[in-house]
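# Reading the structure
Residue-level listing of the chains:
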Amino acid sequence: MTGAALAFTSLYLAAGALTPLLVVYKQQWEFPPSLLTLAFAVYAIGFLAAVLTLGSLSDHVGRRPVLVGALVIQLASNVLFLVAPDVGWVIAGRVVQGVASGAATAAFTAALVELAPPNKKRLGAILGSVGLTGGLGVGSLLAGLAIQLTPTASSLIFTVLIILTILGAVVVVLSPETMTRTPGALRSMVPHVAIPPAARKEFGAAAPVVAAVWMLAGLSGGLAPSMVRSVFHLDSGLLNGLAGFIAPAVSAVIGLSFGRVNPQRAMTIGSYASIVGAIGIIGGVFAGSLAIMIIGQAIAGVGFGASFTAALRLIFVLAAAHQRAGVVGGIYVVSYVAFGVPIVIEGQLAGPLGEVPAVVCYTALTVLLALISLVAQIRIKRRAWSKPA
């Protein structure tokens, strides 16, 4: 189980490593901010396409073939990054990287639970959760440290990641298969997005804040490291990595610690935290204080960890077992569209408007979305209270 967890984490270490490296590539190849945000956001396209078509495949063909295939794709993306001569190769590598992560996430999460000893099944689920967000944060921080300490950071990072990916594939090949093959593999690859009537009110109330926290995650990964240099005028790979580390690291801790908090309460806390975090980020920009911006990112991480976990818990219980795949598809669509599309638009606006005004518009939209969710949640609570009367 430990080896599988490390293999899973290596996928997100690679995704997180690109966060500070994109700033280096921008300086090295002198491309506009719009290409930086595009290179960050196309990951979401690959991920969403893969998770909607391949997310259930391991239930039919087994965990091991899907995981080995995903790790081979991940290996290809790392090689693309290693030899990239320009940003076009990086964009292609990000799409391929997204496909690898999307194909592997559901299968790895299930395999970790299935490989865990009978008395440690919850640990398997925890490792799956921490591996995703923790890998993103740690990958960003370690890459930032490498940039700070060596002039050949990109080569070093992707050589190490290639080795980790190969070791991960070996671990998966040597691990026992935990799923019996069943028919229906081709049918499972047809994208399925459907919210059952019983879950639509809760989904509609949660969707805006889910979009908001994923937009803030996109800001932390795609914009914050670049802003360290362009807005705060600090030339530090380590600070770039820290800017990409703080939000996913905090969200991982909060997601775990809020597991037993009432989901409606967690959703409310998450919504308020995302609003305060967004205000803190833009407040730091206006005050010229990187410390305030990073504190805002940390609070936004609280919002992500609390509200996204709560949304899953609130919506899943309202869907029957055979409806949950469609619900997962709906949540993924909201999440990764919010993660990718707005930040590309922000990159396009940064040229004519300026970077700070574009970031203000971006964060203002996240505040508006979180407020919409708060109002919707309050209405749902009032209806629930009025029913007994």
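Looking now at a positive patch on the surface. A cluster of like positive charges, contributed by Lys-201, Arg-379, Arg-382 and Arg-383, occupies part of the molecular surface. A total of three residues in the positive patch trace back to one element, the largest contributor, which is helix α14 (residues 355-386). Relative accessible area serves as the criterion here: at 56%, Arg-382 is assigned to the exposed category.

As a further point, take unusual backbone geometry. Although it is not a glycine, Glu-30 adopts a positive phi angle of roughly 55°. Positive phi, close to 60°, is recorded for His-233, a residue that is not glycine. In this structure His-233 comes out as exposed when scored by relative accessible area, which is 65%.

Turning to empty space enclosed by the protein, a few remarks are in order. The probe, sized like a water molecule, is rolled over the atoms to show the empty space still left. Scanning the model with the defined rule gives three cavities of 30 Å³ or more in all. Put simply, the largest cavity is a space of about 100 Å³. Looking at the largest cavity, it is lined by 11 residues, and the ones nearest its centre are Leu-67, Ala-111, Leu-115, Ser-175 and Pro-176. Sorting the residues of the lining of the largest cavity by element identifies α4 (63-83) and α5 (87-115) as the ones contributing at least two each. No other element matches α4, which puts three residues into the lining of the largest cavity.

Close contact between α4 and helix α7 (residues 153-174) brings their axes to 9 Å; oriented N to C, the two are set at 165°. One finds that α4 runs roughly antiparallel with respect to α7. In terms of crossing hand, the pair formed by α4 and α7 is left-handed. Contact with α4, carried on its side by Arg-64, Leu-67, Val-68, Leu-71, Gln-74, Leu-75, Asn-78, Val-79, Phe-81 and Leu-82, involves Ser-154, Ser-155, Phe-158, Thr-159, Leu-161, Ile-162, Thr-165, Ile-166, Gly-168, Ala-169, Val-172 and Val-173 of α7 and no other residues of that element. Here the residues of the contact of α4 with α7 are counted per class, giving 14 nonpolar, seven polar and one charged.

Contact pair helix α11 (residues 263-287) / helix α12 (residues 290-316): the axes reach a minimum separation of 6 Å and the direction vectors enclose 155°. Classified by the angle between their axes, α11 and α12 sit roughly antiparallel to one another. When you trace α11 past α12, the crossing you get is left-handed. Here the contact of α11 with α12 is composed, by residue class, of 17 nonpolar, 12 polar and one charged.

Counting residues in hydrophobic clusters, the biggest one holds 107 residues, and the most contacted among them are Leu-11, Leu-22, Tyr-25, Phe-108, Ile-157, Trp-214 and Met-293. For this core, the element with the most residues is helix α9 (residues 197-230), which contributes 17 residues.

In this structure, Ala-199 sits in helix α9. Remark: the alpha-carbon pair of Ala-199 and Gly-288, spanning 89 residues in sequence, is separated by 44 Å. The residues touching Ala-199, leaving out its near neighbours within four places in the chain, are Ile-315 and Leu-318.

Right, let's talk about the packing of aromatic side chains for a bit. What the rule picks out here adds up to 13 aromatic pairs. Consider the rings of Tyr-43 and Phe-47, whose centres lie 6.2 Å apart with planes at 35°: the pair is tilted. On the criterion of helical spacing, the pair formed by Tyr-43 and Phe-47 is a turn pair, its members being four residues apart in helix α2 (residues 33-54). Both residues of the pair, Tyr-43 and Phe-47, belong to the buried class. Following the ring pairs from residue to residue traces out a cluster consisting of Phe-40, Tyr-43, Phe-47, Trp-214, Phe-304, Phe-308, Tyr-332, Tyr-336 and Phe-339.

Here is what the cut-offs are and how they apply
Residues numbered from 1 in each chain as written. Predicted model: local features only at pLDDT ≥ 70, side-chain atom pairs only at ≥ 80, totals over all residues. Heavy atoms only, no water. Patch = residues over 30% accessible without salt bridge, like charges linked within 9 Å, V, L, I, M, F, W, Y side chains within 5 Å. Areas by Shrake-Rupley, 256 points an atom, 1.4 Å probe, with all protein chains shown as cover. Salt bridge = Lys/Arg side-chain N within 4 Å of Asp/Glu carboxyl O. Lys, Arg positive; Asp, Glu negative; His and termini not counted. Charge placed at Lys NZ, Arg CZ, Asp CG, Glu CD. Helix = DSSP H or I, 4+ residues; strand = E, 2+ residues; numbered from the N terminus. Buried < 20%, exposed > 50% of the residue type's maximum accessible area, 1.4 Å probe, protein only. 1 Å grid on protein atoms, 1.4 Å probe; cavity = no way out; pocket = protein on both sides within 12 Å on 5 of 7 lines; lining within 4 Å. Points joined across faces, edges and corners; volume = space filled by probe spheres on them. Axes fitted to C-alpha atoms, helices over the stretch in contact; angles between N-to-C directions. Parallel < 35°, antiparallel > 145°, perpendicular 65-115°, else oblique. Left-handed = near helix turned anticlockwise from the far one by under 90°. Contact = heavy atoms within 4.5 Å. Nonpolar A, V, L, I, M, F, W, Y, C, P; charged D, E, K, R; others polar. Core = buried A, V, L, I, M, F, W, Y, C linked by side-chain atoms within 4.5 Å. Phe/Tyr/Trp six-rings, centres within 6.5 Å; stacked < 30°, edge-to-face > 60°.

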